[in-house]
Amino acid sequence: MNKNVILLKNLLLSTSQWNSYKFCKDKKKRGRIAGNFIGRVILFIMLMAYCIGNCIGYGKFGLAGAIPEMCAMLLAGLSFVFTFFKTNGYLFNFKEYDMLMALPYEPKSIASAKFLYMYIKSLPWYMSVSISMLAGYAVYEKPGIAVFPVWIILSMIIPIIPMLAAAFLGFIVARIGSGVKNKTMVQTILTLLLVFSCFGLQYLMEDMFRNNKTAEVLNSLSSVTGTAGRIYLPIEWFRGSVVELKISDMLLLVGITLVLFELVFIPVGKSYRKINSALKSHSASRAFTMTEQKQKSVIDAIVFKEFKRMTGSVTYVTNAGLGVIMCLIAGIAVLFIDVEKLLDKAMMGAPITMEMVYPAIPLIVYFFIGMAATTAMTPSLEGKNYWIVQSLPIRKRTLYQGKMLFNIYLTVPVMTFTILTVCFSAKVPPLNTALYVLQGLVLCAFSTCWGCVCGIKHMRLDWENEIEVIKQGSAVSLYLLPNMFITMALIGAVVYFSQFINSLMITCVMIVVLSIFAALSYAKVMALTKED
């Protein structure tokens, strides 16, 4: 068997949740794996429903012919985003680097195997989009039988070029960051700049079609997909392959993808050892002087440890801190824009007044901040060093109190600041503002405690890559999904009931209910520390 195939196979087997479920005897661990699988299935169903909804919209307005281009665009966008956020943890600065580099493989082979590993792990997401949009296309266009296998095969190839582009950008970010003293900070700033550029591009595209009617929007989007196909040729090649069954387009798509794969990993392979070695090294100041050491409490020391853990990982910062950063930027931005005009644009003519939105302000701010609690990740991030934590003369309840306090320090100041700036800009009465700030504090407390419950109950310490905990962990999924859907439902319910019920009464009820849930979650954390 080819050595590269052996390496890829072992990478997949060593991280396979199905493999763990099949051979593991621990019922709790099997239950966690089953819960994680169910959560992923729910996400796949949601993604497929979104894609089918798009196809129905296109089909009703006679634009089903543009579905192949839309499918290729979605696959390209998803693959680029997924890969860009995983590059730092999968291709560079990964935990098993020393073990892999000791094997008789060239650096280029290891880098390409890690890339293919990323691709295979993300393939279920891509196929969910492809199959659902193929079903929508089949209903409206009724293509020949040959279209189905061609569509499925080529939709597995379409994501590779955007993944290569994202990996190459990640390579550039890592290459730049590896040559400076504050590597993590530089990589984080470059990553966030690219993320906010993508958000800005999305806003501009939405603003272009915001004032159009539905049919006009779809016609505009159809025109955009056609233009995208002329600019980004793989989209046009995919359309020609599945609509007209052009052999030349099929060969071009497959051939160019293979050539780009080889071309990208030539420079990556040459700098692979140097980048990873630089990222794993730590610089020391020559002008170091011993100063008086300050004594801190145990909890403050744990908070500082959590802060250093977060700022030492690009993946951790961009996933746990992105919402906080976006919320802070939004809080500053509302001081310079008219909130009522912004609401009118967002509602697109819906009969919703500013007064109806007032009681939803804390929940809207929470949607930025509360979707990624650090406490859902940090218990698992201890990893194989957990035995060191176990051996320290620290009570477990103190350890988790420190972890929760760090999340409070991270979220409460930004939550308070943003609520105050939004209320000031929207001219919210002082009493309402005070209650909204109080509700925001309770929401932060609930988020922190509930995240810690999920983090302890679904702790995973046998990970090889921190992405498996930060982005793919069952604790994060079980915290995120209910939190996200319930928050969205509460925003809609609060806006609706504010037509009939006094907004202050709604806010008071929310504060009482959330305080109860926060207290119960904290009590559960304390109970779990006794069981641990």
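Here goes a summary of the coordinates provided. Given the structure is predicted, the values throughout are model-derived calculations rather than measurements.

1. Topic: the pattern of salt bridges
Here's step 1: A complete count under the given rule lists seven salt bridges for this structure.
Here's step 2: Its salt-bridge partner being Lys 403, residue Glu 382 comes within 2.8 Å of it at the nearest N-O pair. Taken together, the residues span a long stretch of sequence, with Glu 382 in the loop between α19 (378–381) and α20 (386–391) and Lys 403 in helix α21 (residues 396–425) at a distance of 21 residues. Like Glu 382, the residue Lys 403 is buried in the burial classification.
Here's step 3: Within the structure, one salt-bridge network assembled from shared partners comprises Glu 236, Arg 239, Glu 244 and Lys 246.

2. Side note on the packing of helix α13 (residues 298–311) against α21
Here's step 1: Contact pair α13 / α21: the axes reach a minimum separation of 8 Å and the direction vectors enclose 60°. With respect to α21, the element α13 is oriented oblique. Crossing hand, α13 versus α21: right-handed. Of the residues in α21, those in contact with Val 298, Ile 299, Asp 300, Ile 302, Val 303, Lys 305, Glu 306, Phe 307 and Met 310 of α13 are Thr 398, Leu 399, Gln 401, Gly 402, Lys 403, Leu 405, Phe 406, Tyr 409 and Leu 410.
Here's step 2: Here the residues of the contact of α13 with α21 sort into eleven nonpolar, three polar and four charged.

3. Some thoughts on the packing of aromatic side chains
Here's step 1: On inspection of all chains with the given rule, the structure shows eight aromatic pairs.
Here's step 2: Between Phe 304 and Phe 307, the aromatic rings sit 6.5 Å apart at their centres with planes inclined by 35°, giving tilted as the arrangement. Here Phe 307 and Phe 304 lie together in helix α13, a separation of three residues that amounts to about one turn.
Here's step 3: Of the residues examined, Phe 304 reaches a relative accessible area of 45% and is grouped as partly exposed.
Here's step 4: Given the relative accessible area of 41%, Phe 307 is considered partly exposed.
Here's step 5: In this structure an aromatic cluster arises from ring pairing among Tyr 137, Trp 151 and Phe 238.
Here's step 6: Positioned above the aromatic ring of Tyr 117 is the side chain of Lys 114, whose terminal nitrogen or guanidinium carbon lies 5.8 Å from the ring centre.

Analysis parameters
Residues numbered from 1 in each chain as written. Predicted model: local features only at pLDDT ≥ 70, side-chain atom pairs only at ≥ 80, totals over all residues. Heavy atoms only, no water. Salt bridge = Lys/Arg side-chain N within 4 Å of Asp/Glu carboxyl O. Helix = DSSP H or I, 4+ residues; strand = E, 2+ residues; numbered from the N terminus. Buried < 20%, exposed > 50% of the residue type's maximum accessible area, 1.4 Å probe, protein only. Axes fitted to C-alpha atoms, helices over the stretch in contact; angles between N-to-C directions. Parallel < 35°, antiparallel > 145°, perpendicular 65-115°, else oblique. Left-handed = near helix turned anticlockwise from the far one by under 90°. Contact = heavy atoms within 4.5 Å. Nonpolar A, V, L, I, M, F, W, Y, C, P; charged D, E, K, R; others polar. Phe/Tyr/Trp six-rings, centres within 6.5 Å; stacked < 30°, edge-to-face > 60°. Lys NZ or Arg CZ within 6 Å of the ring centre and 35° of its normal.

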